[in-house]
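# Reading the structure
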Amino acid sequence: MVTAPRASRHAPHALRLALLDAVIAGAGMGYLAHQYREALVANLAAIGLALLFTFAVGYVIRAAARVLRRANRRVDAIFAEELRKPSPKPR
């Protein structure tokens, strides 16, 4: 049986860098929200629908990637099993 490769552990600095990126992005969004407060309040429904649509698209892409990854593992297992079998004798 073919097993899927395991993910290796991330380097400690990668986690700190990801957290720093998230903090900087949050601070930037907070600054923009403060500057454009009236525009945000006036268009709250449109912004909410856009965020909902964005999250839905992200979820669909994530689900599709999982399905394709699972199908790839099955195809790899079939190929591996077929390659292990001896070839038939020529006539």
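With that settled, consider the overall build of the protein chain. On a plain count of helices and strands, the protein chain comes out with 3 helices and 0 strands. Each helix and strand of the protein chain, placed in order from N terminus to C terminus, yields the pattern α-α-α. Across the 91 residues of the protein chain, 0% fall into the buried class. In the form shown here, the protein chain has an accessible surface area of approximately 9,000 Å², with 68% of it arising from carbon and sulfur atoms.

Our next topic: a nonpolar patch on the surface. A cluster of nonpolar side chains, Tyr-31, Leu-32, Tyr-36, Leu-40, Ile-47, Leu-51 and Phe-55, forms an exposed patch at the surface whose accessible area comes to about 730 Å². No other element matches helix α3 (residues 44–84), which puts 3 residues into the nonpolar patch. The topology assignment puts Leu-51 in helix α3.

Taken together, the side chains of Arg-62, Arg-66, Arg-69, Arg-70, Arg-73 and Arg-74 present a region of like positive charge at the surface. Mapped onto the fold, Arg-73 is located in helix α3. We classify Arg-73 as partly exposed; its relative accessible area is 42%.

Below, the discussion takes up the confidence of the model for the protein chain. Scored by pLDDT, the protein chain comes out at a mean of 85, with 87% of its residues at no less than 70. Considering each helix and strand of the protein chain separately, the mean pLDDT is smallest for helix α2 (residues 37–42), with a value of 83, and largest for α3, with 92.

About the criteria used
- Residues numbered from 1 in each chain as written.
- Predicted model: local features only at pLDDT ≥ 70, side-chain atom pairs only at ≥ 80, totals over all residues.
- Heavy atoms only, no water.
- Helix = DSSP H or I, 4+ residues; strand = E, 2+ residues; numbered from the N terminus.
- Buried < 20%, exposed > 50% of the residue type's maximum accessible area, 1.4 Å probe, protein only.
- Areas by Shrake-Rupley, 256 points an atom, 1.4 Å probe, with all protein chains shown as cover.
- Patch = residues over 30% accessible without salt bridge, like charges linked within 9 Å, V, L, I, M, F, W, Y side chains within 5 Å.
- Salt bridge = Lys/Arg side-chain N within 4 Å of Asp/Glu carboxyl O.
- Lys, Arg positive; Asp, Glu negative; His and termini not counted.
- Charge placed at Lys NZ, Arg CZ, Asp CG, Glu CD.
- pLDDT = per-residue confidence, 0-100.

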